[in-house]
Amino acid sequence: LKSTESSETIGFNYDTYLRKKVVEATSLVKRFRVLNSDSSTKSCDFSLETSASNLNLALQNSLRGRASLCADERDLIIAITLGNKTEMDDGLKEAYSKAGASHLLAVSGLHVGIIILIVECLVGMAIHPKKRPYIFAAVLLAIIWGYAFLTGLAASVVRTSLMYTVYRVAMLLFSKPNPINVVSFTAFAMLVYNPFNIFDLGFQLSFSAVYSILLFGQPLIDKIERLIPEIKLKGRVGQIVSKIRTYTLGSVAISISAQILTTPIILFTFHTLPILSIASSLFSIPLVTVLIPLTFIYYGFFLLSTVLPLLDVVADGVLYITAVVAKSANAIVYYTADISFCTVDRLPFYGYDVAAYIIVFLLIAAYHNYRRLSLLWISASVSIAYFIVATVDGM
């Protein structure tokens, strides 16, 4: 056995990664011999995890067997709904990375959030949320955790599902829970369970994005709506234009606010900055929002077609529409990635940069809430001190 201790402090640290997985030493096996390869006993054992894995694999194979899907479209659909990127083309991964849209490929809080909205609407039609709040919450949580299990309990899905569970329980107990308290309690619980989660990049980005949206999202939406005047039209057309404006401005504000606190983490870890990520997200996120429910509608018809073969035609039709949406999302990402200045590489960004960046933005958020001028003075002082240190360090 060899210790995994490493002195690397910048970038990826393999020792920290292994310790997060509760691994303290590694060993190399040079020779091995199989003592028992009898699979008949294992096949008799029922396992929920195995059943979920088999269902996941069956849904993946259903997509691989369809001639209407090209490889890129199929890989995107499998990645964002079933959490498998192992067979994805390296060129497609690189394009999403350059465009600042890599978060769309992993089953993350965004995807679970979309599923939660859809499930809430569907369950709300059958169970009244105010008349039967406990049954409504129980059904919602059962579906969300069922999806988390289907994806193999991916860490990002578990985080979001846990946040939503705490939020639902808090709603039953307190009616109007404080969202920041809900997120903080979830983070605290996960760190008590495994303190090494604090070094997990996914953990850092997930909670930073949620905190950032909660702190800066609504103020940013209000600012943007005041800057961009509304076009007032009468009738049905006016309502449609108003909804499109609200959705577009909201998407822009949420995309910008989510990156306020995640940007320093990305810079510190990868030393790259995807400049056009907001622009690409503006178009790709709405497409993913449509793509996820369409894919699950296809999965539903595919599973039903095993009993009623006639429904296979319907599944093909839904999949054709899904393929068009996936192709459009990939086209936007490829176009963005081809722009020469879409990403800036090799940016020097270290621990004190992250600390100064986060402190300044949190002070600005505190000023917005409490309107104390002293907070702005402190923010300005931290900024000036940071620039002096950065200038001296760069000489």
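Source: prediction; values computed, not measured. (Residues numbered from 1 in each chain as written. Predicted model: local features only at pLDDT ≥ 70, side-chain atom pairs only at ≥ 80, totals over all residues. Heavy atoms only, no water.)

1. Some remarks on the overall build of the chain
Helix and strand content of the chain: 15 helices and four strands. Computed over the C-alpha atoms, the radius of gyration of the chain is 24 Å, within 12% of the 21 Å expected from 2.2 N^0.38 for a compact globule of 395 residues. Taken along its principal axes, the extent of the C-alpha atoms in the chain is 75 × 70 × 50 Å. Taken over 395 residues, the chain has a buried fraction of 36%. If you take every contact in the chain between residues at least 6 apart in sequence, the share linking residues at least 24 apart comes to 67%. Taken as a whole, the chain presents about 23,700 Å² of accessible surface, with 66% of it coming from carbon and sulfur. Counting 31 positive and 25 negative side-chain charges, the chain places the centres of these two groups 9 Å from one another. (Helix = DSSP H or I, 4+ residues; strand = E, 2+ residues; numbered from the N terminus. Rg over C-alpha atoms; globule rule 2.2 N^0.38 Å. Buried < 20%, exposed > 50% of the residue type's maximum accessible area, 1.4 Å probe, protein only. Contact = heavy atoms within 4.5 Å. Areas by Shrake-Rupley, 256 points an atom, 1.4 Å probe, with all protein chains shown as cover. Lys, Arg positive; Asp, Glu negative; His and termini not counted. Charge placed at Lys NZ, Arg CZ, Asp CG, Glu CD.)

2. Points about the side chain of Thr81
The topology assignment puts Thr81 in helix α4 (residues 71-82). Within the structure, the side chain of Thr81 is placed 2.6 Å from the backbone oxygen of Ile77, a separation counted as a polar contact. A polar side-chain atom of Thr81 sits 2.9 Å from a polar atom in the side chain of Tyr299. (Polar contact = N/O pair within 3.5 Å; in protein donor to acceptor, adjacent residues only side chain to side chain.)

3. Some remarks on the nonpolar core
Among the nonpolar cores identified, the biggest contains 51 residues, and Leu63, Leu76, Tyr96 and Tyr298 are the most heavily contacted of them. Looking at this core, the elements with two or more residues in it are α3 (48-64), α4, α5 (90-98), α6 (109-126), α7 (133-150), α8 (155-174), α12 (277-305) and α13 (311-337). Beyond its immediate sequence surroundings of up to four residues, Leu76 is in contact with Met88, Tyr96, Leu105, Leu291, Ala326, Ala329 and Asn330. (Core = buried A, V, L, I, M, F, W, Y, C linked by side-chain atoms within 4.5 Å.)

4. A short note on the packing of aromatic side chains
Applying the stated rule across the entire model yields six aromatic pairs. With a centroid separation of 6.0 Å and an interplanar angle of 40°, the aromatic rings of Phe196 and Phe199 are classed as tilted. When the ring of Phe296 is compared with that of Tyr299, the centres are 5.5 Å apart and the planes differ by 90°; the resulting orientation is edge-to-face. In this pair, Phe296 and Tyr299 both sit in helix α12, three residues apart, roughly one turn of the helix. A network of ring pairs unites the aromatic residues Tyr147, Phe296, Tyr298, Tyr299 and Phe302 as a single cluster. (Phe/Tyr/Trp six-rings, centres within 6.5 Å; stacked < 30°, edge-to-face > 60°.)

5. Overview of the pattern of salt bridges
Counted by the stated rule, this structure contains four salt bridges. In this structure, Lys98 engages Glu94 in a salt bridge whose closest nitrogen and oxygen atoms are separated by 3.6 Å. Placement of the pair is Lys98 and Glu94 together in helix α5, with a separation of four residues, close to one helical turn. (Salt bridge = Lys/Arg side-chain N within 4 Å of Asp/Glu carboxyl O.)

6. With respect to α12
Between its first and last C-alpha, α12 extends 40 Å over 29 residues, near the 42 Å set by a 1.5 Å rise per residue. Phe283 marks where α12 bends most, by close to 30°; the proline Pro286 follows one to four residues later. (Expected span 1.5 Å × (residues − 1). Bend = angle between axes of the 7 residues up to and from the residue.)

7. A word on the confidence of the model for the chain
Per-residue pLDDT for the chain averages 81, and the proportion of residues at 70 or more is 93%. When pLDDT is averaged over each element of the chain, α13 comes out on top at 90 and helix α2 (residues 40-44) at the bottom at 51. (pLDDT = per-residue confidence, 0-100.)

8. Describing the environment of Ala67
As for its placement among the helices and strands, Ala67 is situated in the loop between α3 and α4. Sequence separation between Ala67 and Lys223 is 156 residues, and the spatial gap between their C-alpha atoms is 48 Å.

9. Quick notes on the environment of Tyr320
You can see Tyr320 is positioned in helix α13. Between the C-alpha atoms of Tyr320 and Arg168, which are 152 residues apart in sequence, the distance is 36 Å.

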